[in-house]
Amino acid sequence: MKKRRAELFVEESLSHFSPADQQAFRLLLKGDSSWLTAIPLGDCRFQDREFKIAFKTRLRIPLVEVQRLQVQHCNCRPNGRQHHELDHHGDHLMTCKHIKGSERTVDHNKIVRYMSQLDNAARVTTLIEPRGKFVAEAEIQKPNGIIQHERRFLDLWSADSHVTANGRETLGDVSGVHGVPISAYTREGQNCASLKQALKKRVDTKIAKYREPVERLGYNFRPLIYETVSGACHEDMEQVITERCTEIADRTGLGVGLVRFRWKQRLSCIIRRNVAHTILNRIDRLHTRSHPRTKDQDQYNELTQRVL
């Protein structure tokens, strides 16, 4: 079977890489790229700055915007511990939970809203952040041995009992995971965790936390997990999208493949915009921190000495 010219070009290019870099790049090639061909409307519209960051992070190109920052560390290690150095791929900016700002919550909520809109398009009744009878409780044993009841709030309720095997409705929880980047690969190619492993680890965590209390309420639990580096989704999330797109296609008379491609393309754009949104906002915040306000004379002198 003849190889395509593009495949030959990739093979020739990869031959100059180390084995570890080859393995990492092949993982990235398997990721999602449908956002590049989306019609720029609604969720699929990118500003110039967003598109540049989205493109670079997708292909693991170092971010000049981070390299130019005067502040090259994050203050997420208090109590005298060494500061965390900022990597030039934006990985720490994406994952640090201690940087002030609501980017992580905003990005998470956009994916929840997307899944809810997909339910609505398939005429499946849905609720975002359901309360009341949908709140699960789990018994937690504290270090002192006391057992407490902890409330578990989930992101989405779907009345999809007509398509589930056991005829139950579903409670789902959305979560994004930042997969192992190229910078985490050793030159010898050892300890290389794949993006699939990163997805599975997050799914296992969600199942351990939610499945038992949710099933006790009489609902199915579905972890809706996606990965930010490649844009890949876990098979449970893929299954939900396929089920909803099949219902949309049956109702509208369109092909299932076409409906699914459009909805997946939109999700692809949302994920890439979320990545760009988080990194850009945090770069801007660190940039402000690296330039003191000039109302204070001491800060002004410090600034001018550094610039001059």
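Whatever comes next refers back to the structure up there.
On a predicted model such as this, the values are computed, not experimentally measured, just so you know.

On a plain count of helices and strands, the protein comes out with ten helices and eight strands. With 308 residues in all, the protein has 42% of them scored as buried. Of the roughly 18,000 Å² of accessible surface on the protein, a fraction of 51% belongs to carbon and sulfur atoms.

Every α-helical turn comprises 3.6 residues, leaving residues that sit three or four positions apart pointing alike. In this model, helix 8 (residues 235-252) (18 residues) spans 25 Å end to end at C-alpha, consistent with the 26 Å of a helix rising 1.5 Å per residue. Residues of helix 8 that are buried include every one of M237, E238, V240, I241, E243, R244, C245, E247, I248 and A249, and no others.

Moving on: the pairing of strand 7 (residues 170-177). The buried count for strand 7 comes to seven of eight residues, which makes it a mostly enclosed element. Direction of pairing for strand 6 (residues 156-158) relative to strand 7: antiparallel, over a ladder of three bridges. Paired with S158 across the bridge in strand 7 is T170. Here eight bridges tie strand 7 to strand 8 (residues 220-227), and the two strands are oriented parallel to one another. Looking across to strand 8, one finds that L171 is bridged to F221.

On to the pairing of strand 8. For strand 8, the buried fraction is high: eight of the eight residues fall into the buried class. The alternating pattern of strand 8 places N220, R222, L224 and Y226 on one face and F221, P223, I225 and E227 on the opposite face, and all of these are buried.

This part takes up the layout of surface pockets. One number sums up the size of the largest pocket: a volume of about 580 Å³. Contributions of two or more residues to the lining of the largest pocket are made by helix 5 (91-95), helix 6 (103-121), strand 7 and helix 9 (256-289). For the lining of the largest pocket, the element with the highest residue contribution is helix 6, accounting for six residues. Class assignment of the residues belonging to the lining of the largest pocket gives a composition of six nonpolar, ten polar and five charged.

Calculation criteria
- Residues numbered from 1 in each chain as written.
- Predicted model: local features only at pLDDT ≥ 70, side-chain atom pairs only at ≥ 80, totals over all residues.
- Heavy atoms only, no water.
- Helix = DSSP H or I, 4+ residues; strand = E, 2+ residues; numbered from the N terminus.
- Buried < 20%, exposed > 50% of the residue type's maximum accessible area, 1.4 Å probe, protein only.
- Areas by Shrake-Rupley, 256 points an atom, 1.4 Å probe, with all protein chains shown as cover.
- Expected span 1.5 Å × (residues − 1).
- Pairing = 2+ DSSP bridges.
- 1 Å grid on protein atoms, 1.4 Å probe; cavity = no way out; pocket = protein on both sides within 12 Å on 5 of 7 lines; lining within 4 Å.
- Points joined across faces, edges and corners; volume = space filled by probe spheres on them.
- Nonpolar A, V, L, I, M, F, W, Y, C, P; charged D, E, K, R; others polar.

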